[in-house]
Amino acid sequence: MGMRRLADFSIRAKLRGIVALTTILALLVSGLAMVVHDSLAFRKQKLDDLITQAQILGSISGAALTFDDPKAAQEYLATLKARPDIEEAALYDARGRVFASYARSSTLDAPSLAEAQGYRFEGDRLTLFQRMQEGGETSGTIYLRASLGKSARLRRYLAIVLLAGLGALGIALLLSAWLQRVITEPLLDVTEVARGVLERQDYSQRVVKRSEDEVGVLVEAFNGMLAAIQHREAALQEANEALHAEIVEHRGAREEVDALNQDLERRVMERTAELETANKELESFSYSVSHDLRAPLRAIDGFASLLVKHQSDRLDAQGQGYLERVRAATQRMGQLIDDLLRLSRTTRSEMSRRDLDLSELARAVVVELQVGSPERRVSVSVAPGLKANADFTLMRTVLENLLGNAWKFTAKKDEARIEFGRLEQAGDTVFFVRDNGAGFDMRYADKLFGAFQRLHAVTEYSGTGVGLANVQRIIHRHGGRIWAEAEPGRGAAFYFTLSHGGRA
């Protein structure tokens, strides 16, 4: 709220405030810098002075220490009365004991034993211990403690800074008054004209230019803007009149277009309904045909089985071979019908998505494959912790087909390997089933997911060519995609994603 009131102040008041605030801040910063610099310089000067005083006392007191004359040493220290800043002093012998001392006041706070050579600042005092050397050995120690008198010095500096600040502030205010006349008056002219334009919508007004500086450029730009707005307003008025005439002219055409759109929407809805009905009838027909084919196929297979069982002695080897081929064909046809029904159910079945452990599901499929072919030795690797949000039944169908194909196409490998895992690709989780089996030529990869499409002969590897088409429909229903990479004789890898809830 306070900042809002500050924004509402006049430019004149803002200029005055800026000049005053800038002056005060500059004085405060410069005064602080002066105080800090003087304090540091004063401390160094005081330390140098105290060291010099200690050296002088050490040189004149050396003989007193040598001849064990405390009285003479006491007289030397008494000369410090001429230094009102030195509060107390002491002379220690080589063993660090007090030999002679001096105190300006009645009490002496000097340490009873000499400390190591050095100095320290304690509040408004400086304490110094200075070693006395004679013949390369320490003959004694001088102790001095002096008052710095910083408080009085700081008060003097503050008084100087305050007086300088008041003088500079007065000069700054006089300067700001002159600047206000030079800067704010042309801006007030602009404000007055702008208010008149806003209230009366009269764009013919202009501001008188008083200078060639930035404010003068602003006035020129403002007048140019008013002229451009005036011109555009006239053009806009003409355009509005022409547009009104066009609206009246095109209103009838629009009504006709609306009628055509409504008729088109009606036709689209009718065609969509017809297409949905046709699709349902086609699915029902496909299901019925596949289901009704089972009865004659079972009859053919049954009679062929009876002929082989009861009439084989009346047939020669060629006839028996024909019957076996009939039975094999009917069984293959039955498998095709089962795959067609499964494909139809994949399209029509309702999906029920939930969190699945794909690793556990894959291991269950592998166990079934191993039970079905106990004589095979296949190295199967299933990555742990593969999770997805998907339909359980449909995902089991996917893994049964992909792992089943890997199991089937590695049958001729002495050291068969199958792997189910995942990887990250462009921010997506990609699951894969990889094997080192027969593989295929990538030139024919576009046929992989078509119904009844095969890349290997039936006599070489069994199958109807429907499984991968079923897998692709399931993956698409989950919002994902599937693709494959392979090389003849070096295995194949099938990759798939599960969008909208699929995750690793």
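It should be emphasised that the depicted structure is a prediction, and the values quoted were computed from it without experimental measurement.

*Asks:* How should I be thinking about the sheet that holds strand S1 (residues 86-92) in this particular structure?
*Replies:* Strand pairing in a sheet is mediated by backbone hydrogen bonds. Such pairs are either parallel or antiparallel. As summarised here, the arrangement of the five strands in space is S2-S1-S5-S4-S3, forming an open sheet in which the pairing is antiparallel. Lying at the two open borders of the sheet, with one neighbouring strand each, are strand S2 (98-103) and strand S3 (118-122). If you compare each strand with its neighbour and ignore which way they point, the axes differ by 10° on average. Sheet analysis places strand S4 (residues 125-134) next to strand S5 (residues 137-147), joined by 10 bridges and oriented antiparallel. Bridging across to S5, Leu-126 finds its partner in Ala-146.

*Asks:* What exactly am I supposed to notice about the packing of helix H8 (residues 358-372) against helix H9 (residues 392-409) here?
*Replies:* Two numbers describe a pair of packed helices, the interaxial angle and the distance between the axes. Running from N to C, H8 and H9 cross one another at 50°; their axes reach a closest spacing of 9 Å. Relative to H9, the element H8 is oriented oblique. Crossing of H8 over H9 shows right-handed handedness. For the pair H8 and H9, contact is made by Leu-358, Leu-361, Ala-362, Ala-364, Val-365, Val-366, Glu-368, Leu-369 and Gln-370 and by Phe-392, Met-395, Arg-396, Leu-399, Glu-400, Leu-403, Gly-404 and Trp-407, respectively. A class-by-class count of the residues in the contact of H8 with H9 yields 12 nonpolar, two polar and three charged.

*Asks:* Help me understand the sheet that holds strand S11 (residues 482-486) in this model?
*Replies:* Reading across from one edge, S7-S9-S10-S12-S11 is the order of the five strands in this open sheet, with mixed pairing throughout. At either margin of the open sheet sits one strand with a lone partner, and together these are strand S7 (378-382) and S11. Between one strand axis and the next, the sheet turns through 20° on average, direction left out of account. One ladder, built from four bridges, connects strand S10 (residues 428-435) with strand S12 (residues 492-496); its direction is antiparallel. Residue pairing across strands places Arg-434 opposite Ala-493, the latter belonging to S12. Relative to the sheet, H8 contacts S7, strand S9 (416-425) and S10, its axis offset from that of S7 by approximately 165°.

*Asks:* Even after reading the chapter, I still don't get the environment of Lys-408, so can you show me in this structure?
*Replies:* With respect to the secondary-structure elements, Lys-408 resides in helix H9. Between the C-alpha atom of Lys-408 and that of Leu-369, which follows or precedes it by 39 residues, the distance is 9.6 Å.

*Asks:* Looking at this structure, I do not really get the packing of aromatic side chains. What am I missing?
*Replies:* Given two aromatic rings, one states the distance between the centres and the angle between the planes to describe the pair. Within this structure, the stated rule accounts for seven aromatic pairs. Where Tyr-92 meets Phe-129, the ring centres are 6.4 Å apart and the plane angle is 35°; that geometry is what we call tilted. Taken together, the residues span a long stretch of sequence, with Tyr-92 in strand S1 and Phe-129 in strand S4 at a distance of 37 residues. Phe-129 shares its class with Tyr-92; the two are buried. Here Phe-440 and Phe-494 contribute two aromatic rings whose centre-to-centre distance is 6.5 Å and whose plane-to-plane angle is 45°, an arrangement assigned as tilted. Taken together, the residues span a long stretch of sequence, with Phe-440 in the loop between S10 and helix H10 (467-477) and Phe-494 in strand S12 at a distance of 54 residues. Considered together, Phe-440 and Phe-494 belong to a single accessibility category, that of buried residues. Following the ring pairs from residue to residue traces out a cluster consisting of Tyr-92, Phe-129 and Tyr-143.

*Asks:* For this particular structure, what's the right way to read H9?
*Replies:* Since one α-helical turn is 3.6 residues long, residues separated by three or four positions face the same way. Here H9 contains 18 residues, and its C-alpha end-to-end distance of 26 Å stays within 8% of the 26 Å for a straight helix at 1.5 Å per residue. The element H9 is largely enclosed, with a buried count of 14 among its 18 residues. Where H9 begins, one side-chain oxygen reaches toward the backbone nitrogen of Thr-393, 3.1 Å away; that side chain belongs to Asp-391.

*Asks:* Whenever I open this one, unusual backbone geometry confuses me. Can you help?
*Replies:* Most peptide bonds take the trans form, and the phi angle of most residues other than glycine is negative. Its identity is not glycine, yet Asp-68 carries a phi of approximately 50°, on the positive side. Among the secondary structure elements, Asp-68 is positioned in the loop between helix H2 (11-66) and helix H3 (70-78). What makes Asp-68 exposed here is its relative accessible area of 55%. Positive phi, normally seen in glycine, also occurs at Ala-426, with a value near 55°. Tracing the sequence through the fold places Ala-426 in the loop between S9 and S10.

Conventions we followed
- Residues numbered from 1 in each chain as written.
- Predicted model: local features only at pLDDT ≥ 70, side-chain atom pairs only at ≥ 80, totals over all residues.
- Heavy atoms only, no water.
- Pairing = 2+ DSSP bridges.
- Helix = DSSP H or I, 4+ residues; strand = E, 2+ residues; numbered from the N terminus.
- Axes fitted to C-alpha atoms, helices over the stretch in contact; angles between N-to-C directions.
- Parallel < 35°, antiparallel > 145°, perpendicular 65-115°, else oblique.
- Left-handed = near helix turned anticlockwise from the far one by under 90°.
- Contact = heavy atoms within 4.5 Å.
- Nonpolar A, V, L, I, M, F, W, Y, C, P; charged D, E, K, R; others polar.
- Phe/Tyr/Trp six-rings, centres within 6.5 Å; stacked < 30°, edge-to-face > 60°.
- Buried < 20%, exposed > 50% of the residue type's maximum accessible area, 1.4 Å probe, protein only.
- Expected span 1.5 Å × (residues − 1).
- Polar contact = N/O pair within 3.5 Å; in protein donor to acceptor, adjacent residues only side chain to side chain.

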